[in-house]
Protein chains: 4
Amino acid sequence: MGEQFAAVRAATMALTQGLSSEDQCVQSMPDASPTKWHLAHTSWFFEVVILQASSTGYEAFNPDYLYLFNSYYEALGPRHPRPQRGLLTRPPLADIHAYREHVNRAMEHFIANADSATWHAAASVIELGLHHEQQHQELILTDILHLLSVNPLLPPYVPGPPPTATAHSPEPSAQWLTVQGGLQTMGHADDSFAFDNETPQHQALVHPFQISNRLVTCAEFMVFVTDGGYERADWWLSDGWAAVQAQQLRAPAYWLAPHDPRAPSSAWQIFGIHGVQPWNSAEPVTHVSFYEACAFAEWSGARLPTEFEWEAAFDAPAITQMLGPCWQWTRSSYEPYPGFRARSGAVREYNGKFMVGQQVLRGASHFTPAGHSRKTYRNFFPPATRWQVSGIRLARDIA
Amino acid sequence: MGEQFAAVRAATMALTQGLSSEDQCVQSMPDASPTKWHLAHTSWFFEVVILQASSTGYEAFNPDYLYLFNSYYEALGPRHPRPQRGLLTRPPLADIHAYREHVNRAMEHFIANADSATWHAAASVIELGLHHEQQHQELILTDILHLLSVNPLLPPYVPGPPPTATAHSPEPSAQWLTVQGGLQTMGHADDSFAFDNETPQHQALVHPFQISNRLVTCAEFMVFVTDGGYERADWWLSDGWAAVQAQQLRAPAYWLAPHDPRAPSSAWQIFGIHGVQPWNSAEPVTHVSFYEACAFAEWSGARLPTEFEWEAAFDAPAITQMLGPCWQWTRSSYEPYPGFRARSGAVREYNGKFMVGQQVLRGASHFTPAGHSRKTYRNFFPPATRWQVSGIRLARDIA
Amino acid sequence: MGEQFAAVRAATMALTQGLSSEDQCVQSMPDASPTKWHLAHTSWFFEVVILQASSTGYEAFNPDYLYLFNSYYEALGPRHPRPQRGLLTRPPLADIHAYREHVNRAMEHFIANADSATWHAAASVIELGLHHEQQHQELILTDILHLLSVNPLLPPYVPGPPPTATAHSPEPSAQWLTVQGGLQTMGHADDSFAFDNETPQHQALVHPFQISNRLVTCAEFMVFVTDGGYERADWWLSDGWAAVQAQQLRAPAYWLAPHDPRAPSSAWQIFGIHGVQPWNSAEPVTHVSFYEACAFAEWSGARLPTEFEWEAAFDAPAITQMLGPCWQWTRSSYEPYPGFRARSGAVREYNGKFMVGQQVLRGASHFTPAGHSRKTYRNFFPPATRWQVSGIRLARDIA
Amino acid sequence: MGEQFAAVRAATMALTQGLSSEDQCVQSMPDASPTKWHLAHTSWFFEVVILQASSTGYEAFNPDYLYLFNSYYEALGPRHPRPQRGLLTRPPLADIHAYREHVNRAMEHFIANADSATWHAAASVIELGLHHEQQHQELILTDILHLLSVNPLLPPYVPGPPPTATAHSPEPSAQWLTVQGGLQTMGHADDSFAFDNETPQHQALVHPFQISNRLVTCAEFMVFVTDGGYERADWWLSDGWAAVQAQQLRAPAYWLAPHDPRAPSSAWQIFGIHGVQPWNSAEPVTHVSFYEACAFAEWSGARLPTEFEWEAAFDAPAITQMLGPCWQWTRSSYEPYPGFRARSGAVREYNGKFMVGQQVLRGASHFTPAGHSRKTYRNFFPPATRWQVSGIRLARDIA
């Protein structure tokens, strides 16, 4: 466990290598958080739920941090309001680095010295803390990408061109795969780690359906755009059409139309971690909302899979792109599984309290840390979300 | 059909008997509509989807009305914005009465004279129109109740005291009923009327559960209130707790705390169609949001039933209050049934486009017209909704 | 005084003759009030400041009205929030008519029977009440015009065409009149009625200037429009340009561009109390904000007069259109005159508390009641106001 | 001029010594700007209005900066929206330092080498640029103070205690000084620098009045607070009372009530550049809005001076605190002087376009750079402003 702890903690820091302290301080919208806040909050988690709870003699790095870096755990005390995370120019980044080191040292000591009873109680919470930190690793990337995207200079997170291997690869041909369904086992059961929202494992009835062997590409989505996809209400959910009009949406987030003044070109381009790059027809479309995903599916004469269909299709022989390169919106709202019980103790608020107003995404993205994806993982975001790496896989009924 | 048409249309008008033209014109919030608008819109429905489409020689009452009284049918042309419905002091109520008469006469003529082919196409749409009008009958009541509730005088919709029979009845004792579940048939299939969202009939797996034989009462909810239900985050979904804080919620909508300046009393009171009345412990609690329903259930150590559990329990021997006196929030988001196909033609936007961001309510309320409720009916509203007649039935897992 | 009282009260009612109870109940924006509210509030004024204060044995018509129809007099008790005036479908219009009659009878009795000491105290307040009611007579017209303007049918307040005499009259030629200025007497002093904000009479130094003999016409303003007046920031105050962009302003309020879908025509039209009418080049431009007035002046190479220049020019021999047909924005913010003292007693909040954030308008409009205009009158509205009958008179420095 | 240029530019940099790059990047509210933006914008001014306009062969440091660091000069091209200034984590602070150096070098070269004709045109604009930079020096301080004030840690801008000399000095006794007024010369005329809004010099009639020899102290304002000053509408302008209620104001900005959780103490404290300090009764009250200033004056039985009264009293023998330590709200709206002409050319938008919706402040503050204050200086802010160093001087009429 000590090695794994060190590796995850180091991986978080590695993500910040190219970022200035300014980059790591600013909050670009209420839904996104500063990198510095992510660095601190993931340390706060270990400090509060392990060190303060179980480690004799542990001294908090700074009592103020208990307030500043709580995210949403009402039971763990008052907290700094989310939309104001970007106002915290103090403590400076260097202090947060010291805070991480302080927590790392104390955790190493705890892991090395806990007696058996203490360890028994703590081990699964530490494991949760590491998966929690991996979630924030992905958020660091999506949040910094958003911050750079609202800078008129559109600066890159990683300077230099992207690896050429992935560019302009030929578009794979799409196939409908038939899944017979029936009573299927869903969710997680064995001793390996999973979040509480993936449990309990249970049976679910899945009706026969077809699912695409791959994700929707940029080329396919462009046909929707040029066919007036954003100009006619027919294909949209009512809330989705309202969003199109209110925000004047015309394409996925981070697509730059020809002649965008920020990066003039006669062709479409796309903004990403390497900055502005040529639009690539064969890549999966990403940074679309659930509304856009549904509208595209409706226009295609198809629909999105439910999360149970997605899970039932996971082991289908010819299926590809299930654990990347992007999260895949499902037609399922985020709800408790039959018999769901939230984790107990300090982390009981981890997942269950968000089970309304959100859609489930399945899979993983190219931002998801290695080892953090699995068949039963349930990601969730509100349907209007576009700053996550979210794409589309189609399904349809069997006629 | 002619008789049924006349009866439904007359029932709508009967609801307006105690209302002045002022009462019928004003819009009290964007989600509610003026009575006059309901009167016109339900006529517009028949005019556009039957008379203009199928009735030779029909002349529109007033071409402006096609724009003014469209609700959300994008395919049927542009429409007056919902939040501005209350600005339409013209056309006056008398003109809307004349409009209803004009449409009634034309519909009577159509029903009496349509040839067999025309009738074949039109009959099911007329039936839909009548059920549509019944939905608006309930909305007339919920919307006028809201309007009167924001008047500091808290005037009654129906003057005089309520029928004494229902007041202060003894509270029935609550029982947990066990439902074994298994593969269950859900949704509507036979020739009788149902909305498209109740179809197709399909199998669903329901795990064994327990459900309360009756609704949660005001007395039970009061214990939650006095136990600090609105003061502690523990029991609330995250969005629900945010609503409590933003709107400073302290009790269900239309409950008046002791010493409310609008209707001074030393006891709790409740506002309803008869005006301010004594709070009645035995009555089902109503006008709670999905958030409040979930928080109450969590505090009770229980949960809400899914819509499938609710439907599976419908025929349980000892169960009561299933089709009234209030709608019952379920733990199910409003989603398409497996194999769902929206109705085709002019009314294709009727239901499907709202299938995101809403929770299903089952049952019926004391405002629901007779003949408009059934086991498979799926009502739906956003989770924050409080102006509908929405209450709580508890369920729980079998340990 | 009795005769005058009867005449003013009757004039208010006469304005409502063409309006339905629906028209009189709805509030079209927070700044405007329903006609019914104006009818009640002007009665409330007499009830509270005369009848309750000075008339022995007076019984309030309805104690609730003291709360419902107070406008902004904090000292006279709590009050119904302004933006919610349109929610008061109860009390119905008929009750407000009865309220007016009740107050009229009581006031007639008071005027006929007050003893000399009581009368001495009350007479000037009654006079104030009558001028207050005349102000609301103008607001009834501007507010109902706004309500009708947001109805897509653009219905007329007065059916039928306007009197032909004023239409298409030849445009008078504009002249610069030179005013020498110097130390000038400003404000009101004699025994005739004036509001407290017109006092005390005082000396002010006015530098020599030129002022136009007439108001800016629609034709002149149209040149500004077609010259890109609303498309270039150069001529606008910073706040004005922000308003142009935020509200996408393109012309004065109530101007209808060619091919407006609400009243199709190939020519410009204008909406007013007679409904949609041909745009008339010779009429003074009206329903412009202070921002539009300043931008037009800047574009013209001129400026607006200060309120002191306006008053100093009042008796210039060749000057026209000083007391109509529209109010005239001045370059003066609404501030207290040197030595200003607000009226004492119940009406002390009448004027002084609004002396920030508003611009002074001078003159009168075609909506101003006869006898309610004078040289020293100071009207005032926030600079963005467009629903008042506000126009432009130009001034300039002497080179 | 070269020496003065170097001194002003260096003074700006000196203000940033204690600030991290994080502190200098974040924007705490739309009205405030990041320090980094101030550093860049003041350089942009010289680059655009001097170097690009007049210096042959000057090469812009970075063409993007022309867009990023324009503030409100519509005529000088498009500009980055003000509320988004805090999103610019790139360019990093080091680049802005390089930008300043680049502009400094080019300006030094220009000052040393401009031919006589070029210099003649440029000298007064350079002088304007230096005064412009001094204005931003004050804004750097007020904006950073606001940023630190919204940090729950309430960190100091300058660590360590403030100089003891100013603390707890005895409160000077207040005296009414009589000023006879009459025709007075107002505004600026000689060859020394002044902004265009201080011109032309002109005569104004000032009526006899009395003015306080000193500013209102914290002790005096505390009496207003404890007398219910923020709880009763009587003393407030209508807009001011609305602000009190909407923002729940209870004391001047930066006052900390006893037991404030951010810095627990049983006594009042005050936040400033030295962090949280004891509340000092003898210091002038600062960080009050115009509304608070007017309410205090009304409660005191006095009023604010007009800007002309303030200027007429400037040389009164016994008057103190005229050019500090805080700006002094006047009862005058910010309007053009008679005969006002804006500067011509690139800087014509400097002052005139803000002449609506603002109140004039006179004097200077302890944040105002030495040499930047004078008798005729007209500062201006919207009446709700509290983050500037704004205080109160009383005046009154002569009975």
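Refer to the structure presented above.
Criteria and thresholds
- Residues numbered from 1 in each chain as written.
- Chains lettered and ligands numbered in written order.
- Predicted model: local features only at pLDDT ≥ 70, side-chain atom pairs only at ≥ 80, totals over all residues.
- Heavy atoms only, no water.
- Helix = DSSP H or I, 4+ residues; strand = E, 2+ residues; numbered from the N terminus.
- Rg over C-alpha atoms; globule rule 2.2 N^0.38 Å.
- Buried < 20%, exposed > 50% of the residue type's maximum accessible area, 1.4 Å probe, protein only.
- Contact = heavy atoms within 4.5 Å.
- Areas by Shrake-Rupley, 256 points an atom, 1.4 Å probe, with all protein chains shown as cover.
- Lys, Arg positive; Asp, Glu negative; His and termini not counted.
- Charge placed at Lys NZ, Arg CZ, Asp CG, Glu CD.
- Salt bridge = Lys/Arg side-chain N within 4 Å of Asp/Glu carboxyl O.
- Buried area = accessible area lost by both parts, 1.4 Å probe.
- Polar contact = N/O pair within 3.5 Å; in protein donor to acceptor, adjacent residues only side chain to side chain.
- Least-squares fit on C-alpha atoms with pLDDT ≥ 70 in both.
- Arc of directions from axis to C-beta.
- Pairing = 2+ DSSP bridges.
- Axes fitted to C-alpha atoms, helices over the stretch in contact; angles between N-to-C directions.
- Left-handed = near helix turned anticlockwise from the far one by under 90°.
- Nonpolar A, V, L, I, M, F, W, Y, C, P; charged D, E, K, R; others polar.
- Phe/Tyr/Trp six-rings, centres within 6.5 Å; stacked < 30°, edge-to-face > 60°.
- Lys NZ or Arg CZ within 6 Å of the ring centre and 35° of its normal.

### Examining the overall build of chain A
Stage number 1. A tally of regular secondary structure across chain A gives 9 helices and 12 strands.
Stage number 2. Taken over the C-alpha trace, chain A has a radius of gyration of 22 Å; the compact-globule value for 399 residues is 21 Å, and the two agree within 12%.
Stage number 3. Seen along its three principal axes, the alpha-carbon backbone of chain A occupies a region of about 65 × 55 × 40 Å.
Stage number 4. Evaluated residue by residue, chain A yields a buried proportion of 58% over its 399 residues.
Stage number 5. Contacts in chain A between residues at least 24 apart in sequence constitute 76% of all its contacts with a sequence separation of at least 6.
Stage number 6. Of the roughly 15200 Å² of accessible surface on chain A, 54% is carried by carbon and sulfur atoms.
Stage number 7. A distance of 3 Å separates the average location of the 25 positive side-chain charges in chain A from that of its 37 negative side-chain charges.

### Some points on the pattern of salt bridges
Stage number 1. Using the criterion set out here, one finds 84 salt bridges over all chains in the structure.
Stage number 2. Ionic pairing is found between D260 of chain A and R262 of chain A, a salt bridge with its closest N-O pair at 2.9 Å.
Stage number 3. Across the pair R100 of chain B and E133 of chain B runs a salt bridge, and its minimum N-O distance is 2.8 Å. Note that R100 of chain B is positioned in helix 4 (residues 93-113) and E133 of chain B in helix 5 (residues 116-149), a separation of 33 residues in sequence. Here the two residues R100 of chain B and E133 of chain B agree in accessibility, since each one is buried.

### A closer look at the interface of chain A and chain B
Stage number 1. Contacts between chain A and chain B engage 33 residues on the former and 33 residues on the latter.
Stage number 2. Overall, the association of chain A and chain B removes approximately 2400 Å² of surface from exposure, summing both partners, and the carbon and sulfur fraction of that is 56%.
Stage number 3. Joining chain A to chain B, the criterion identifies 4 salt bridges.
Stage number 4. Across the pair D397 of chain A and R341 of chain B runs a salt bridge whose closest N-O atoms are separated by 3.8 Å.
Stage number 5. Our enumeration of links across chain A and chain B arrives at 11 residue pairs in polar contact (both at pLDDT 80 or more).
Stage number 6. Counting residues per element, the ones that place at least two in the side of chain A that touches chain B are strand 3 (202-206), helix 7 (238-247), helix 8 (290-299) and strand 8 (327-333) of chain A.

### Side note on the relation of the copies chain A and chain D
Stage number 1. Rotating chain A by 180° and translating it 0.0 Å along the rotation axis places it on chain D, where the RMSD comes to 0.0 Å. Each copy turns onto its partner about a two-fold axis. Among all C-alpha atoms of chain A, that of E22 of chain A lies closest to the rotation axis, at 2.4 Å.
Stage number 2. When the interface residues of chain A are mapped onto chain D, 100% of them again fall at the interface, so both copies present the same face.

### Some points on the arrangement of the chains
Stage number 1. In this structure chain A stays clear of chain C, and the shortest span between their C-alpha atoms is 14 Å.
Stage number 2. If you take every C-alpha in chain B and every C-alpha in chain D, the smallest gap between them is 14 Å, and the two do not touch.

### A look at the environment of P278 of chain D
Residues and elements named next belong to chain D.
Stage number 1. Examined against the element boundaries, P278 turns out to sit in strand 7 (residues 275-278).
Stage number 2. When its relative accessible area of 52% is taken as the criterion, P278 is described as exposed.
Stage number 3. Along the chain, P278 and W268 lie 10 residues apart, while their C-alpha atoms are 7.0 Å from each other.
Stage number 4. Setting aside residues no more than four positions away along its own chain, P278 makes contact with Q269 and I270.

### Describing helix 6 (residues 218-226) of chain D
Residues and elements named next belong to chain D.
Stage number 1. All of the buried residues in helix 6 are C218, F221, M222, F224 and V225. Buried residues of helix 6 fall within an arc of 155° about the axis and therefore sit on the same side.
Stage number 2. Buried positions along helix 6 lie against strand 5 (255-256) and helix 8 (290-299).
Stage number 3. G228 sits one or two positions beyond helix 6 and adopts a positive phi of about 85°.

### Some points on the sheet that holds strand 12 (residues 395-397) of chain C
Residues and elements named next belong to chain C.
Stage number 1. Taken in spatial order, the 3 strands make up an open sheet running 1-4-12, and their pairing is antiparallel. Single-partner strands in this sheet number two, and they are strand 1 (176-179) and strand 12. When strand polarity is set aside, the average angle formed by the axes of neighbouring strands in this sheet is 30°.

### Comments concerning the environment of Q84 of chain C
Residues and elements named next belong to chain C.
Stage number 1. When you line up the elements, Q84 lands in the loop between helix 3 (63-68) and helix 4 (93-113).
Stage number 2. Residue classification places Q84 among the partly exposed residues on the basis of a relative accessible area of 32%.
Stage number 3. Considering only alpha carbons, one finds Q84 and V26, 58 residues apart in sequence, at a separation of 10.0 Å.

### Some points on the packing of helix 2 (residues 35-54) of chain A against helix 4 (residues 93-113) of chain A
Residue and element names in this part refer to chain A.
Stage number 1. For the pair helix 2 and helix 4, the least separation of the axes is 9 Å and the interaxial angle reads 30°. Viewed along their axes, helix 2 and helix 4 form a crossing whose handedness is left-handed. Across from K36, L39, A40, T42, S43, W44, F46, E47, I50, L51 and S54 in helix 2, the residues of helix 4 making contact are L93, I96, H97, Y99, R100, V103, A106, M107 and F110.
Stage number 2. Residue classes in the contact of helix 2 with helix 4 are distributed as 13 nonpolar, 4 polar and 3 charged.

### Remarks on the packing of aromatic side chains
Stage number 1. Tallying each qualifying case throughout the model produces 144 aromatic pairs over all chains.
Stage number 2. Relative to W279 of chain A, the ring of W255 of chain A has its centre 5.7 Å away and its plane inclined at 80°; by these criteria the two rings are edge-to-face. Placement of W255 of chain A in strand 5 (residues 255-256) and of W279 of chain A in the loop between strand 7 (275-278) and helix 8 is noted, with a sequence separation of 24 residues between them. For the pair formed by W255 of chain A and W279 of chain A, the shared burial category is buried.
Stage number 3. Ring geometry for W236 of chain B versus W241 of chain B: centroids 6.4 Å apart, planes at 45°, classification tilted.
Stage number 4. Note on W241 of chain B: relative accessible area 10%, which makes it buried.
Stage number 5. These aromatic residues form a ring-pair network of at least three members: F221, F224, Y230, W235, W236, W241, W255, W268, W279, F296 and W299 of chain A.
Stage number 6. Seen from the ring of W37 of chain D, R85 of chain D lies directly overhead, with NZ or CZ sitting 3.6 Å from the centre.

### Focus: the interface of chain A and chain D
Stage number 1. The interface of chain A with chain D comprises 30 residues on the first partner and 30 residues on the second.
Stage number 2. On the chain A side of the interface with chain D, the three residues burying the most area are E22, L87 and R90 of chain A, jointly 33% of the side's total.
Stage number 3. Where chain A touches chain D, the interface holds 4 salt bridges.
Stage number 4. In this structure, the salt-bridge partner of R90 of chain D is D23 of chain A, at a minimum N-O distance of 2.9 Å.
Stage number 5. At the junction of chain A with chain D, the criterion picks out 13 residue pairs in polar contact (both at pLDDT 80 or more).
Stage number 6. Of all elements in the fold, only helix 3 (64-68) and helix 5 (116-149) of chain A reach the threshold of two or more residues within the side of chain A that touches chain D.
Stage number 7. Here the side of chain A that touches chain D gets 3 residues from one element, more than from any other, and that element is helix 3 of chain A.
Stage number 8. Per-class residue counts for the side of chain A that touches chain D are 17 nonpolar, 8 polar and 5 charged.

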